[in-house]
Amino acid sequence: MPARLNVVVSQSRSQNPKKRAIEERIVGELLGSPGIDVAVVPHLYDLKSDGPGILSLSGMTGNIVLCSWLYPRAARWTLDRNGICGQEGTTLLKSLGEDEETDEEQPEEDEKQRVIESREVPQRKIYCLDLRAYDTADEYLTEIRRIASEASTQTVDLMGWINGSPKQEQLDRYLANGSASEGGEGKEEGGSIEATIVDEDAARRWYPVIDFSRCTNCLECIDFCLFGVYGLDGQETILVEQPDNCRKGCPACSRVCPENAIIFPEHKTPTIAGSPEVGGPLKIDLSQLFGAPDPGAPGAEKAHEVAARERDEQLLAVGREAVGMEVGMPKRQTQIASQPADDLDRLMDSLDELDL
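Treat the numbers as computed from the prediction; the structure is a model and nothing was measured.

Thresholds, definitions, all that
Residues numbered from 1 in each chain as written. Predicted model: local features only at pLDDT ≥ 70, side-chain atom pairs only at ≥ 80, totals over all residues. Heavy atoms only, no water. Helix = DSSP H or I, 4+ residues; strand = E, 2+ residues; numbered from the N terminus. Buried < 20%, exposed > 50% of the residue type's maximum accessible area, 1.4 Å probe, protein only. Contact = heavy atoms within 4.5 Å. Areas by Shrake-Rupley, 256 points an atom, 1.4 Å probe, with all protein chains shown as cover. Pairing = 2+ DSSP bridges. Axes fitted to C-alpha atoms, helices over the stretch in contact; angles between N-to-C directions. Salt bridge = Lys/Arg side-chain N within 4 Å of Asp/Glu carboxyl O. Phe/Tyr/Trp six-rings, centres within 6.5 Å; stacked < 30°, edge-to-face > 60°. Lys NZ or Arg CZ within 6 Å of the ring centre and 35° of its normal. Right-handed = clockwise from strand over helix to strand, strands pointing away. pLDDT = per-residue confidence, 0-100. Core = buried A, V, L, I, M, F, W, Y, C linked by side-chain atoms within 4.5 Å.

1. What to know about the overall build of the protein chain
Scanning the protein chain for helices and strands turns up 13 helices and twelve strands. The buried share of the protein chain, reckoned over its 356 residues, is 43%. Sequence-distant contacts, at least 24 apart, represent 73% of the contacts inside the protein chain between residues at least 6 apart. Total accessible area computed for the protein chain in this model is approximately 19000 Å², and 49% of it derives from carbon and sulfur atoms.

Below, the structure written as structure tokens:
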């Protein structure tokens, strides 16, 4: 049978009427569409791992299109941390701040082993659409229907199912009616009569999300964080063990991650929130470029210095002592400090002097 496509609309935190209109139109237009099931959940980032929202998403089989008010990278890895995994689906839509006309350069290959390389990821695809990128629902509806149409041709072994060489009318009848017969009760013409609406009292949350396509399991984050947020799983791989231990508004650990693998989806700085610029493995230390405010300004703090200051502020807020640069600073920072300037350092210094 053709696989059904799950379309999930993750609602905005705000009650902005324009945002609600986009969400409602996507849901309304897709209801009853052949082969498509529609669900509405509160803001993805705020869902509890044992709450009804995640339980509903965990029960979905087949491909998922997630429409959320987050960068696609942040949305994908927020799903992943809750055990909802899959291959990254390719979408034709841009994300917030991404130039639709510009071809993305392919990241250079490196020799570092990423955590995702050692994980078994289901073959299903997860498509993440950024609802902030367009002002109307039209673009999203067009893309969802394209994905659904593409998925409808990726059926199971039809040749084996109908024993031999199928006639064209057999294939047409199968593709037209397979979804409807699969759905059972509550389906009409292969689509949902009503959307599944998850009611969950989802309070605003703040915690890190790990991009395992970038993470090398260096464990520098667990050394740096002094609030017990991070832990290790049975394979000694980093994980966000106690997300609600994280101090609201503090992104310090993301600034010291050498691979820019730590995302805070609601942070105001795009590169920390999961923007496309750092979506692939890069050889340059982007935390030095994007992690600190105005890094080119004379006397500006380096990213790791900002991180240490932010951590101290949070320690003092809970009545603990500040530790500055003395505790848990990434090993790479001491290595960088002890190395002579290379060509890249000299290039960056020259650019700073130009005051562009």
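2. A short note on the sheet that holds strand β1 (residues 5–10)
One open sheet accounts for six strands, arranged β4-β5-β3-β1-β2-β8; its pairing is parallel. For this open sheet the edge positions go to β4 (87–88) and β8 (196–197), each flanked by a neighbour on one side alone. Taken together, the two bridges between β4 and strand β5 (residues 125–130) define a ladder with parallel strand orientation. Bridge pairing in β5 links Glu-88 to Ile-126. Along the sheet, helix α1 (residues 17–30) contacts β1 and β2 (36–41); its crossing angle with β1, the most-contacted strand, is approximately 160°. Against the sheet, helix α3 (residues 72–81) engages β3 (64–68), β4 and β5, with an angle of about 135° to β5.

3. Observations regarding the pattern of salt bridges
This structure, assessed with the given rule, holds 19 salt bridges. The partner of Arg-13 in a salt bridge is Asp-46, and the shortest N-O contact between them spans 2.7 Å. Within this pair, whereas Arg-13 is found in the loop between β1 and α1, its partner Asp-46 is found in the loop between β2 and α2 (52–58), the two being separated by 33 residues in sequence. Judged by relative accessible area, Arg-13 falls into the partly exposed class, the value being 23%. Note on Asp-46: relative accessible area 3%, which makes it buried.

4. Let's talk about the packing of aromatic side chains
When we look at a pair of aromatic rings, we describe it by the centre distance and by the angle of the planes. Across all of its chains, the model carries four aromatic pairs by this definition. Ring geometry for Tyr-134 against Tyr-140: centres 5.5 Å apart, planes inclined by 85°, an arrangement best described as edge-to-face. Residue classification places Tyr-134 among the buried positions, given a relative accessible area of 10%. Here Lys-19 stacks its cationic end above the ring of Trp-69, 5.2 Å away from the centre of that ring.

5. Regarding the pairing of β2
Of all six residues in β2, six are buried; the element is thus mostly enclosed. The pairing of β1 with β2 spans six bridges and is parallel. Looking across to β2, one finds that Ser-10 is bridged to Val-41. The handedness of the β1 to β2 crossover, carried by α1, is right-handed. Bridge count between β2 and β8: two bridges; the pairing is parallel. In the strand pairing of β8, Ala-39 is matched with Thr-196.

6. Observations concerning the environment of Asp-135
Tracing the backbone through its elements, the reader meets Asp-135 in the loop between β5 and α4 (138–152). Residue classification places Asp-135 among the exposed positions, given a relative accessible area of 76%. When the C-alpha positions of Asp-135 and Ile-22 are compared, they lie 8.0 Å apart, and in sequence the two are 113 residues distant.

7. Observations concerning the environment of Ala-151
With respect to the helices and strands, the residue Ala-151 is situated in helix α4. Assessed through its relative accessible area of 9%, Ala-151 is described here as buried. Taking C-alpha positions, Ala-151 is 8.3 Å from Asn-63, a pair spaced 88 residues apart along the chain.

8. Things to note about the confidence of the model for the protein chain
Mean pLDDT over the protein chain: 81, with 71% of residues reaching 70 or higher. Segment residues 155–164: pLDDT under 50, and twelve contacts once partners within four positions in sequence are set aside and those in other chains are kept. Per-residue pLDDT stays below 50 along residues 279–293; that stretch engages in 46 contacts with residues further than four places along the chain or on separate chains.

9. Considering the nonpolar core
Grouped together as the largest cluster of nonpolar side chains are 52 residues, with contacts concentrated most on Leu-57, Tyr-230 and Phe-264. Per element, the largest residue contribution to this core is four residues, and it comes from α3. Contact partners of Leu-57, with chain neighbours within four places excluded, come to Val-8, Val-41, Leu-44, Leu-47, Leu-79 and Ile-84. Membership of the second largest hydrophobic core comes to 26 residues, among which are Ile-26, Val-40, Ala-148 and Ala-195.

10. Comments concerning unusual backbone geometry
Not every positive phi belongs to a glycine, and Asn-217 is a case in point at roughly 60°. Turning to its location among the elements, Asn-217 is positioned in the loop between β9 (209–210) and α7 (220–224). Look at Asn-217 and you get partly exposed, because its relative accessible area is 24%. Here Glu-236, not a glycine, exhibits a phi torsion of approximately 60°, which is positive. When its relative accessible area of 49% is taken as the criterion, Glu-236 is described as partly exposed.

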